[in-house]
Amino acid sequence: MPGPIQRNLVVKFFGTPDATEGSVNEPREREEHGRRFNERWVYHHPRHAPAGAVERTIYWRRYDYIGSMIRRQPGGEWEQDDTLLAALEP
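Small disclaimer: the values here were computed from a predicted structure and weren't measured.

Cut-offs used in this document
- Residues numbered from 1 in each chain as written.
- Predicted model: local features only at pLDDT ≥ 70, side-chain atom pairs only at ≥ 80, totals over all residues.
- Heavy atoms only, no water.
- Helix = DSSP H or I, 4+ residues; strand = E, 2+ residues; numbered from the N terminus.
- Rg over C-alpha atoms; globule rule 2.2 N^0.38 Å.
- Buried < 20%, exposed > 50% of the residue type's maximum accessible area, 1.4 Å probe, protein only.
- Areas by Shrake-Rupley, 256 points an atom, 1.4 Å probe, with all protein chains shown as cover.
- Pairing = 2+ DSSP bridges.
- Contact = heavy atoms within 4.5 Å.
- Axes fitted to C-alpha atoms, helices over the stretch in contact; angles between N-to-C directions.
- Phe/Tyr/Trp six-rings, centres within 6.5 Å; stacked < 30°, edge-to-face > 60°.
- Lys NZ or Arg CZ within 6 Å of the ring centre and 35° of its normal.
- Core = buried A, V, L, I, M, F, W, Y, C linked by side-chain atoms within 4.5 Å.
- Polar contact = N/O pair within 3.5 Å; in protein donor to acceptor, adjacent residues only side chain to side chain.

Attention now goes to the overall build of the protein. Scanning the protein for helices and strands turns up 2 helices and 7 strands. Across the protein, helices and strands are ordered from the amino to the carboxyl terminus as α-β-β-β-β-β-β-β-α. What you see for the protein is a C-alpha radius of gyration of 12 Å, in line with the 12 Å of a compact globule of 90 residues. Over its C-alpha atoms, taken along the principal directions, the protein stretches across nearly 35 × 30 × 20 Å. Of all 90 residues assigned to the protein, the portion counted as buried reaches 39%. Summed over its atoms, the accessible surface of the protein is roughly 5300 Å², and 48% of this surface lies on carbon and sulfur atoms.

Put into structure tokens, the structure is as follows:
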């Protein structure tokens, strides 16, 4: 679900990702947790955790935000997170 979340706002809020897979120009798409993406950003211990996450993965298709998944505890189940938009609003 592409939305108004922009890459630079995510970096400003969380910092640079701990790990990335793919890139904005990556022609191959992957699928994970029901999301098709060509780039994935992983934050192992986000410096801000509006949803109480200890780990967050953010999915992109080119410049479009696709979605975010979180873990609330180490090794816990992945959950869809819908709080990111509200957290990034000024």
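Pairing within the open sheet is antiparallel, and its 5 strands lie in the order β1-β4-β5-β6-β7. Of all strands in the sheet, those bounded by a partner on one side alone are β1 (19-22) and β7 (79-80). Sheet topology note: the strand β5 (residues 55-61)/strand β6 (residues 64-71) ladder contains 7 bridges and is antiparallel. Across the sheet, the residue bridging to Y59 is G67, located in β6. Along the sheet face, helix α1 (residues 7-14) touches β4 (39-43) and β5 and points at about 15° away from the line of β4.

What follows concerns the packing of aromatic side chains. Enumeration according to the criterion identifies 5 aromatic pairs in this entry. Where W41 meets W60, the ring centres are 5.1 Å apart and the plane angle is 55°; that geometry is what we call tilted. Of this pair, W41 sits in strand β4 while W60 is found in strand β5, placing the two residues 19 residues apart along the sequence. Each member of the pair, W41 together with W60, is buried. The ring of W60 carries the charged tip of R7 above its face, separated from the ring centre by 5.2 Å.

Another aspect to go through is unusual backbone geometry. In this structure, H33 is a non-glycine residue whose phi angle is positive, near 55°. Within the chain, R62 stands out as a residue other than glycine whose phi angle is a positive 60°. Tracing the backbone through its elements, the reader meets R62 in the loop between β5 and β6.

Attention now goes to the nonpolar core. Formed by I5, V10, F13, F14, W41, Y43, I58, W60, Y65, L84 and L88, the largest nonpolar core amounts to 11 residues. Taken together, the elements giving at least two residues each to this core come down to α1, β4, β5 and α2 (84-88). Looking at which element gives the most residues to this core, the answer is α1, with 3 residues. In contact with I58, not counting residues within four places along its chain, are V10, F14, E39, R40, W41, Y43, Y65, G67, S68 and L84.

This next bit is on the environment of Y65. Its location among the elements puts Y65 in strand β6. Looking at Y65, the relative accessible area reads 9%, which means it is buried. Sequence-wise, Y65 and I5 are 60 residues apart; in three dimensions their C-alpha atoms are separated by 6.0 Å. In this structure the side chain of Y65 is engaged in a polar contact, spanning 3.3 Å, whose partner is the backbone nitrogen of S68.

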